[in-house]
Amino acid sequence: MQPSDKALVPFVSVDNMMRLVHHVGVEQMIKQIAAQIEADFKRWESFDKTPRIPAHSPHGVIELMPTSDGEAYGFKYVNGHPKNTSEGLQTVTAFGLLADVYTGYPTLLTEMTMLTALRTAATSALVGKYLAPKSATTMAMIGNGAQSEFQCLAFKAMCGIDTVRLYDTDANATAKCAANLKGKGLTVAPCKTPEDAIEGAQIITTCTADKKYATILTDNMVGPGVHINAIGGDCPGKTELHRDILLRSKIFVEYPEQTRIEGEIQALEDDYPVTEMWEVMTGQAKGRTDDRQITLFDSVGFAIEDFSALRYIKSAIEGTDFYEALDMLADPDDPRDLFGMLMRAG
Ligand code: NAD
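A quick note: this is a predicted structure, and the numbers were derived from the prediction, not measured.

J.: Tell me about the overall build of the protein chain, and please be specific about residues and values.
T.: Scanning the protein chain from terminus to terminus reveals 11 helices and 17 strands. Taken over the C-alpha trace, the protein chain has a radius of gyration of 21 Å; the compact-globule value for 346 residues is 20 Å, and the two agree within 12%. On the principal axes, the C-alpha backbone points of the protein chain span a range of 70 × 45 × 40 Å. Per element, the accessible surface of the protein chain, about 15500 Å² overall, is 53% carbon and sulfur. Between the mean site of the 32 positive side-chain charges and the mean site of the 47 negative ones, the protein chain shows a separation of 4 Å.

J.: Before we move on, could you go through the nonpolar core and cite the residues and values that matter?
T.: Ranked by size, the top nonpolar core spans 64 residues in total, and within it Met29, Ile33, Met277 and Ile313 carry the most contacts. Those residues within four positions of Ile313 in sequence are excluded, and the remaining contacts are Val12, Met17, Leu20, Met29, Leu108 and Leu115. Of all hydrophobic cores here, the second largest spans 27 residues; its members include Tyr167, Ala201, Ala230 and Leu296.

J.: Account for a nonpolar patch on the surface, with residues named and values stated.
T.: There is a patch of nonpolar side chains on the surface, built from Phe339, Leu342 and Met343 and spanning about 350 Å² of accessible area. Mapped onto the secondary structure, Met343 falls in helix α11 (residues 338-345).

J.: Kindly report on the sheet that holds strand β17 (residues 324-327), identifying the contributing residues and their values.
T.: Read across the sheet, 7 strands follow the order β2-β3-β4-β5-β6-β1-β17 without closing on themselves; strand pairing throughout is mixed. At either end of the open sheet lies a strand with only one pairing partner, and these are β2 (53-57) and β17. Geometrically, the sheet is characterised by an average inter-axis angle of 20° between neighbouring strands, direction not taken into account. Sheet contacts for helix α3 (residues 113-131): β3 (60-68), β4 (72-80), β5 (94-100) and β6 (106-111); angle to β6, the most-contacted strand, approximately 90°.

J.: Please give an account of the site of the ligand that cites residues and values.
T.: As a structural note, the neighbourhood of the ligand is formed by 25 residues, with Thr91, Ala146, Asp168, Asp234 and Lys238 the closest of them. Separating an oxygen atom of the ligand from a side-chain N or O atom of Arg119 is a distance of 3.2 Å. Against a free-state accessible area of 850 Å², the protein chains account for coverage of 87% of the ligand. Across the shell around the ligand, the residue classes break down as 9 nonpolar, 11 polar and 5 charged.

J.: So what's going on with the environment of Thr275? Which residues, and what values?
T.: Structurally, the position occupied by Thr275 is in strand β15 (residues 275-276). Classification of Thr275 as buried rests on a relative accessible area of 12%. Expressed as a C-alpha distance, the spacing of Thr275 and Tyr255, which sit 20 residues apart in the sequence, is 9.4 Å. The contacts of Thr275, once residues within four sequence positions are left out, are Lys250, Ile251, Phe252, Val253, Val280, Ala285 and Lys286.

J.: If you had to explain the pattern of salt bridges to someone new, which residues and values would you point to?
T.: Following the criterion strictly, the structure yields 21 salt bridges and no others. Residues Lys176 and Glu149 are paired through a salt bridge, measuring 3.0 Å at the closest nitrogen-oxygen approach. On the criterion of sequence distance, the pair formed by Lys176 in helix α5 (residues 171-180) and Glu149 in helix α4 (residues 148-159) is long-range, its members being 27 residues apart. Judged by its relative accessible area of 10%, Glu149 falls in the buried class. A salt bridge links Arg248 to Asp219; the nearest nitrogen and oxygen atoms lie 2.5 Å apart. One end of the pair, Arg248, is in helix α7 (residues 243-248); the other, Asp219, is in the loop between β11 (213-217) and β12 (227-230), and 29 residues separate them in sequence. Assessed through its relative accessible area of 39%, Arg248 is described here as partly exposed. Each of Asp40, Arg43, Asp69 and Arg311 takes part in one network of salt bridges that share partners.

J.: Could you give an account of α4, naming the residues involved and the relevant values?
T.: Note: α-helices contain 3.6 residues per turn, so residues at a spacing of three or four share the same orientation. For α4, which comprises 12 residues, the first-to-last C-alpha distance of 16 Å matches the rise-based estimate of 16 Å (1.5 Å per residue) to within 8%. Buried within α4 are the following residues: Ser148, Glu149, Gln151, Cys152, Leu153, Ala154, Phe155, Met158 and Cys159. Where α4 terminates, the next one or two residues include Gly160, which has phi positive at roughly 75°.

J.: Outline the packing of aromatic side chains, supporting the account with residue identities and numerical values.
T.: Per the counting criterion, the structure on display carries 7 aromatic pairs. An angle of 85° between the planes, with centres 5.2 Å apart, marks the rings of Phe47 and Phe307 as edge-to-face. With a gap of 260 residues between them, Phe47 in the loop between α2 (26-41) and β2 and Phe307 in helix α10 (residues 303-317) connect regions that are remote in the sequence. Pair check on accessibility: Phe47 and Phe307 agree, each one buried. A connected cluster of aromatic rings, assembled from ring pairs, spans Phe41, Trp44, Tyr255, Trp278 and Phe302.

J.: A description of the sheet that holds strand β14 (residues 249-253) should follow, citing residues and the corresponding values.
T.: Strands sit in the order β9-β8-β7-β10-β12-β16-β14-β15 across an open sheet of 8 strands; the sheet is parallel. With one partner strand each, in any of the chains shown, β9 (187-190) and β15 form the two edges of the open sheet. Alignment of strand β8 (residues 163-167) against β9, held across 4 bridges, turns out to be parallel. Along β9, the bridge assignment pairs Arg165 with Ala189.

J.: Let's hear about the state of the cysteines: which residues, and what values?
T.: In the structure shown here, the tally under the stated rule is 0 disulfides. Between Cys191, a free cysteine, and Cys177, which holds the nearest cysteine sulfur, the sulfur-to-sulfur gap is 11 Å. Cys191 sits in the buried class, given a relative accessible area of 7%. Cys235 carries a free sulfur, and the closest cysteine sulfur to it, the one in Cys207, is 14 Å from it. We classify Cys235 as buried; its relative accessible area is 3%.

Definitions and cut-offs
- Residues numbered from 1 in each chain as written.
- Predicted model: local features only at pLDDT ≥ 70, side-chain atom pairs only at ≥ 80, totals over all residues.
- Heavy atoms only, no water.
- Helix = DSSP H or I, 4+ residues; strand = E, 2+ residues; numbered from the N terminus.
- Rg over C-alpha atoms; globule rule 2.2 N^0.38 Å.
- Areas by Shrake-Rupley, 256 points an atom, 1.4 Å probe, with all protein chains shown as cover.
- Lys, Arg positive; Asp, Glu negative; His and termini not counted.
- Charge placed at Lys NZ, Arg CZ, Asp CG, Glu CD.
- Core = buried A, V, L, I, M, F, W, Y, C linked by side-chain atoms within 4.5 Å.
- Buried < 20%, exposed > 50% of the residue type's maximum accessible area, 1.4 Å probe, protein only.
- Contact = heavy atoms within 4.5 Å.
- Patch = residues over 30% accessible without salt bridge, like charges linked within 9 Å, V, L, I, M, F, W, Y side chains within 5 Å.
- Salt bridge = Lys/Arg side-chain N within 4 Å of Asp/Glu carboxyl O.
- Pairing = 2+ DSSP bridges.
- Axes fitted to C-alpha atoms, helices over the stretch in contact; angles between N-to-C directions.
- Near = heavy atom within 4 Å.
- Polar contact = N/O pair within 3.5 Å; in protein donor to acceptor, adjacent residues only side chain to side chain.
- Nonpolar A, V, L, I, M, F, W, Y, C, P; charged D, E, K, R; others polar.
- Expected span 1.5 Å × (residues − 1).
- Phe/Tyr/Trp six-rings, centres within 6.5 Å; stacked < 30°, edge-to-face > 60°.
- Disulfide = S-S within 2.5 Å.

Take a look at the structure:
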């Protein structure tokens, strides 16, 4: 029995996502997703918002990230398992779904492991556009795992970075990142220590994975005027920065209710003042106010960024063959005759 068109859900596999990214271009796609995220952050108040829903285990975390703007509903399923890489598996994998609020029917199912790396990079660079020193040309990239190349290319495409200084505790990760960035228009400097990596950098991105309170940067390493893009600390008990850096910085977040649970600001009092990025983007709050200020984006990844990315993909695949039609909704001719449909199939 053939399902009717209205019951078929477009599905973007990893293979098709990679074809789409090559078709659009990595940097171009990051810029387009960033534009969608910026547009959605500017209508922040029209979204249903909740901190993501985690299931913690000794092995890692599995999370659901839902949101809706009243017309579309989206969620992402994502895991965080830092121990995975030692077993040949990824730290972060994800898939996501978009649905029509009017019917409740899904309108898109897609891989989101690639898409998360793209949207995280897009968010980081978008925030960097608002907060980083305008003259920034060099970024330190600490943690050279799965997200790192996407981050470097996003800051090149959107913030004018021409040099990246790489550091990872695992020299193989740095070598992999440097090799992948070859010929991509960046000067790449592999470094042996984090101190060396941040030398001369106006932007510092920390993107490490360890399920503990780590100290990737200590206070004495961070000079005035830098922008810190801290994306690796995104879970209770998992942070990257020494508390003293937080106290010297002006702190910007996505959604404080979630960041206070998961972000670097776990180390601070519950009412410690932070600025929400949507307020900076709409002009209701100030971003960087002087050249010597340290700005810190305490990024954890929020559902609206995934919603923006899902809607971007939905429109990008229209009229293309970058998806398959998935038979995932039962559609009996008589909506109440689900059992009859099952019997006829026998
Ligand atoms: P990954 O495991 O592929 O890479 C992490 C890298 O960090 C590894 O190469 C590891 O060797 C390195 N590392 C660990 N401890 C280090 C240290 N002390 N100094 C330097 N390097 C160190 O992970 P990934 O997919 O690149 O993700 C990195 C982190 O970013 C994870 O914690 C993940 O949860 C987080 N993340 C955040 C967002 C967000 O929106 N904020 C999105 C995606 C991933």
